[in-house]
Every structure is written in C-alpha cells, then in structure tokens.
Amino acid sequence: MSRQDRTVLRRRRVQGEEFCSRYEESPCALRKVIQKFETTGQLGILPGRGRKQIPSSSVEDVATVVVEASSQSPHGSVGVPVISRILDMSYSTVRKILQRILNFYPYKIKPVHLLQDGDSEVRTAFALEFLARMVVDVTWPWNILWSDVVHFCLNGHVNTHNCRIWAAENPHAIQEQPLHHGRVTVWCGCTATFIIGPYFF
C-alpha cells in the first residue's frame, strides 16, 4: 500500500470515528438518519428541502407595501424591517424581493443647507478675495484658522444612515434644513501649527 493510500485510509477512519461519536451523543439525529434511509433508501437529503422559489403573490405584496408606505412617509422612505413587520415576512425574503426581483436599490436622502437670498454672492466674493490674497502672499493661508462644526439636531432630523428610499431609480431626494434650530454643537479649529478644541455647546 502506497503512502498516499495510507493517508486516505487514515482520513476516512478519522471521519468515521467522528461520525459515530456525533450520533452517539445525539440519538435524535441518528433516528432521523435511519428514518431518511427507510423512506428514501439513501442517506441524502429528503426531496423538497432545496431552495424554494418566492411566490409571485409575495412579490406583489412587497411592491404594494413599498408604494403605500412611501406615499405616507414625508420623505418617501420605507425600511425593510417595516415591510417585514407589515407582511409578517422574513427580513431576508423582503430584501431578496426588493433587490433581485424588483431591482430596487436603497437610496439615501442627502441633507443640504437651506440657502438664503444672497448666500451665493457672498460665497463667490469670498472665493475671489481668497485667490487675490494668494497672489500677494503665498504663505497667507498658513495663518487661517480652519474650523469644523458638527450639530446633533433635536428637531427630528432624518438620520440618513438609517433611512433608505427603495426605488428602481435614484429619486435624488434632499431634505432642506433651517440654519437655526434646537441642537447640540461640537466645534473644533486648527491652523498650520496648533489645534483648538473641541468645544461642546
């Protein structure tokens, strides 16, 4: 017997020992194997245990709920958990129907600043002034204090990470936000040489 044959035989012996020990610890599993053999004459999987096709009625139900729920939402959004709860259908099935059958994609709502009259002119003037100063002094930007602000809104602002619009095409949905509303603000600033903050207010 060659070395390769001995290796194969050793592996099969180990697998057989593991098989026997597994069913010694689980008599119920052993009874199921015997029942399968008596029913089908083989130890394979019983017929009908493969992946089942999603019925067309479920697809129609999901499509109907998406349309109805989107029309009731102020932003036209609806989540997979909501559809799953309404139809009493599993989360994975709903997601498969939306993506693979209906060819829907979860689009995010894009928050943008609510611009007031004259904001565009002010921004354009600042950009031109910045470029003009760069011509006079190249090192001038090194003295600028660059800052950034994060607002934690208290007015029911939509969290775009958790909110999705399921649709076949991108609706390019936006949400206008007023400049002043209840919120907690975190501010931090920095120059080329030091950092200021962060400050909470």
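Placed above this text is the structure.
Calculation notes
- All chains use their own residue numbering, which begins from 1 and follows the written sequence.
- Whole-chain, interface and lining totals are the exception, using all residues; otherwise, since this is a predicted model, local features are given only for residues with pLDDT of at least 70 and side-chain atom pairs are given and counted only at 80 or more.
- The side-chain numbers reported here are obtained from all heavy atoms of the structure, hydrogens and water having been left aside.
- Counting from the N terminus, the helices are the DSSP runs of H or I reaching at least four residues and the strands are the DSSP runs of E reaching at least two.
- Note on exposure labels: buried denotes an accessible area under 20% of the residue type's maximum, exposed denotes more than 50%, and partly exposed covers the range between, all computed with a 1.4 Å probe on protein chains only.
- We define a polar contact as two N or O atoms separated by no more than 3.5 Å, with the added condition that, inside protein, one atom must be a possible hydrogen donor and the other a possible acceptor, whereas residues neighbouring each other in sequence contribute only through side-chain atom pairs.
- The contact definition used throughout considers only heavy atoms, calling two residues in contact when any of these lie within 4.5 Å.
- Fitting a line to C-alpha atoms yields each axis, with helices limited to the stretch in contact; the angle taken between N-to-C directions then spans 0 to 180 degrees.
- An angle counts as roughly parallel when it lies under 35 degrees, as roughly antiparallel when it exceeds 145, as roughly perpendicular when it falls between 65 and 115, and as oblique in every other case.
- Crossing handedness is read from the near helix: turned anticlockwise from the far helix by less than a right angle, it gives a left-handed crossing, and turned clockwise, a right-handed one.

**Description of the side chain of threonine 191**
Phase 1 of the analysis: Among the structural elements, threonine 191 can be located in the loop between strand S6 (183-190) and strand S7 (195-200).
Phase 2 of the analysis: Overall, threonine 191 belongs to the buried group, its relative accessible area being 16%.
Phase 3 of the analysis: Only 3.2 Å separates the side chain of threonine 191 from the backbone nitrogen of threonine 193, close enough to count as a polar contact.
Phase 4 of the analysis: The residues contacting threonine 191, other than those within four sequence positions of it, are Trp142, Ile144 and Leu145.

**As for the packing of helix H3 (residues 56-72) against helix H4 (residues 80-87)**
Phase 1 of the analysis: With their axes 10 Å apart at the nearest point, H3 and H4 run at an angle of 120° to one another. Between H3 and H4, the angle is such that the two are oblique. Judged by the twist between their axes, the crossing of H3 over H4 is right-handed. Residues Asp61, Val62, Val65 and Val66 of H3 form the contact with H4, whose own contacting residues are Ile83, Ile86 and Leu87.

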